[in-house]
Structure formats: structure tokens, C-alpha cells
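Structural characterization, general
Given next are the chains, with one letter for each unit.
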Amino acid sequence: MAKERIANIQLVRDGVQPVLKVTVPKGTTLADTVRLQPTLSDLLGKLKGCLPCNSGVPILFQEQEEIENLVKVDLGTMKRM
């Protein structure tokens, strides 16, 4: 099965200001990452009302680690899902 080539874009609000976090699959080229610019500009414009700039919203680009989910546990019941 081929690995999905999906970029995840999240708004992280855990500090003084929100951060746009962009996670791309391991091995993604810079050219492919740069092609996300129209989508990022659209999101930033909706967040801040200013299309031509990021208006103080930092953007963090991260290459996704290779993660294998083993078990999910419901924290309320402590049972495996």
C-alpha cells in the first residue's frame, strides 16, 4: 500500500499567540511545500483579515515523523479501544 502524501495544517493556540503548524510527510520536497502557499495565505487571511501578510501568526513547518499507532486508550475508563 502506498503512503498517503497529505499535508496537515493546524492552528495551535497554546501560547501568547496562535501558530500555524504545517506538517508534511517525510521526504516532501521544498517545491511541494512551497506549493501550499495559496492555501496558507487563504487561511491566514481568514484568521487575521489581511491577505498579503501573515499579520504576526508564525508558521511552523515540520516533517512528519514515522509514527506507528499501537494502542488507543480511553482515559475515562482506561480501556483499550
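This text goes with the structure placed above it.
The paragraphs below set out a description of the structure included in this document.

Rules and cut-offs
- Residues numbered from 1 in each chain as written.
- Predicted model: local features only at pLDDT ≥ 70, side-chain atom pairs only at ≥ 80, totals over all residues.
- Heavy atoms only, no water.
- Pairing = 2+ DSSP bridges.
- Helix = DSSP H or I, 4+ residues; strand = E, 2+ residues; numbered from the N terminus.
- Axes fitted to C-alpha atoms, helices over the stretch in contact; angles between N-to-C directions.
- Buried < 20%, exposed > 50% of the residue type's maximum accessible area, 1.4 Å probe, protein only.
- Contact = heavy atoms within 4.5 Å.

This part is about the sheet that holds strand 3 (residues 59–63). Consider a sheet: its strands pair through backbone hydrogen bonds, and that pairing is either parallel or antiparallel. With respect to topology, three strands assemble into an open sheet ordered 1-2-3, the strand pairing being mixed. Sheet topology places strand 1 (8–12) and strand 3 at the edges, where each strand pairs with a single neighbour. Within the sheet, the average angular offset between the axes of one strand and its neighbour, ignoring direction, is 20 degrees. Alignment of strand 2 (residues 19–24) against strand 3, held across five bridges, turns out to be parallel. Across the sheet, the residue bridging to Val22 is Phe61, located in strand 3.

Another aspect to go through is the environment of Gln10. Mapped onto the secondary structure, Gln10 falls in strand 1. With relative accessibility at 40%, the residue Gln10 sits in the partly exposed group. A C-alpha to C-alpha distance of 8.4 Å links Gln10 and Thr23, two positions 13 residues apart in sequence. With near-sequence residues (within four places) excluded, Gln10 lies in contact with Val19, Leu20 and Lys21.

When you line up the elements, Thr23 lands in strand 2. When neighbours within four sequence positions are excluded, Thr23 is seen to be in contact with Ile6, Ala7, Asn8, Gln62 and Gln64.

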